[in-house]
Amino acid sequence: INVPVCTLTVAGDMNVEAMFALTAYAFTVTVEGPGASGDILATSFIFGLPDNCHLVDGVQSGPCGGYQSYGARTTTLEARPLPGSVFIGWSGDCSGMSCIIQPLPGGSRAVTATFARQAP
């Protein structure tokens, strides 16, 4: 239940317990690069690890996304080019050469990993 206000009327001495938790967040990964190949790995605890997220000859395959069940934790993704390819960078909710997805409890994030074929 996601109720922002809870009112409790107490008549006499009583113990009251409350539990609080941050809502999880989801993220999706798009992997692109004409003719390129590479893998995406997650290096933090999440549910639905994108350990089968691949780019093979320019075609994305596998479940490229996940669910960070601890809404306050970052999610770190690593791009690994396969032989004959290079990693160009991240875009979307990450940028540059590293990807640390910042927490967004109750929301979602989206990133793109771009690879390219290595020049002969």
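Residues numbered from 1 in each chain as written. Predicted model: local features only at pLDDT ≥ 70, side-chain atom pairs only at ≥ 80, totals over all residues. Heavy atoms only, no water.

*Asks:* Can you help me understand the sheet that holds strand β6 (residues 75–81) in this one?
*Replies:* Pairing between the strands of a sheet comes from backbone hydrogen bonds, and it takes one of two forms, parallel or antiparallel. Ordered in space as β4-β3-β2-β6-β8, the five strands form an open sheet in which the pairing is antiparallel. Edge positions in the open sheet fall to β4 (59–61) and β8 (99–101), since each of these has one partner strand only. In this sheet, neighbouring strand axes are inclined to one another by 20 degrees on average, regardless of whether the strands run parallel or antiparallel. Pairing analysis gives five bridges linking strand β2 (residues 38–42) to β6, with the strands arranged antiparallel. (Pairing = 2+ DSSP bridges. Helix = DSSP H or I, 4+ residues; strand = E, 2+ residues; numbered from the N terminus. Axes fitted to C-alpha atoms, helices over the stretch in contact; angles between N-to-C directions.)

*Asks:* Mind showing me how you'd approach the pattern of salt bridges here?
*Replies:* Pairing between side chains of opposite charge can happen when their charged atoms approach one another. Applying the stated criterion across every chain, the model contains two salt bridges. A salt bridge links Glu78 to Arg80, with the shortest nitrogen-to-oxygen separation between them at 3.0 Å. (Salt bridge = Lys/Arg side-chain N within 4 Å of Asp/Glu carboxyl O.)

*Asks:* Quick question: what am I supposed to make of the state of the cysteines here?
*Replies:* Formally, a disulfide is one covalent bond, and it connects the sulfur atom of one cysteine to the sulfur atom of another. All told, the structure shown has two disulfides when counted by the stated rule. Residue Cys53 pairs covalently with Cys64 via a disulfide, S to S 2.1 Å. Judged by the sign of its S-S torsion, about 105 degrees, the cystine formed by Cys53 and Cys64 is right-handed. Taken together, the positions of Cys53 in strand β3 (residues 53–56) and Cys64 in the loop between β4 and β5 (65–68) put the pair 11 residues apart, joining distant regions of the chain. Neither Cys53 nor Cys64 differs from the other in exposure class; each is buried. For Cys94, the disulfide goes to Cys99, at an S-S distance of 2.2 Å. Across the S-S bond linking Cys94 and Cys99, the dihedral sits near 65 degrees, which makes this disulfide right-handed. Among the residues examined, Cys94 registers a relative accessible area of 5% and is labelled buried. In the protein chain, numbering the disulfide-bonded cysteines from first to last in sequence yields the connectivity 1-2, 3-4. (Disulfide = S-S within 2.5 Å. Buried < 20%, exposed > 50% of the residue type's maximum accessible area, 1.4 Å probe, protein only.)

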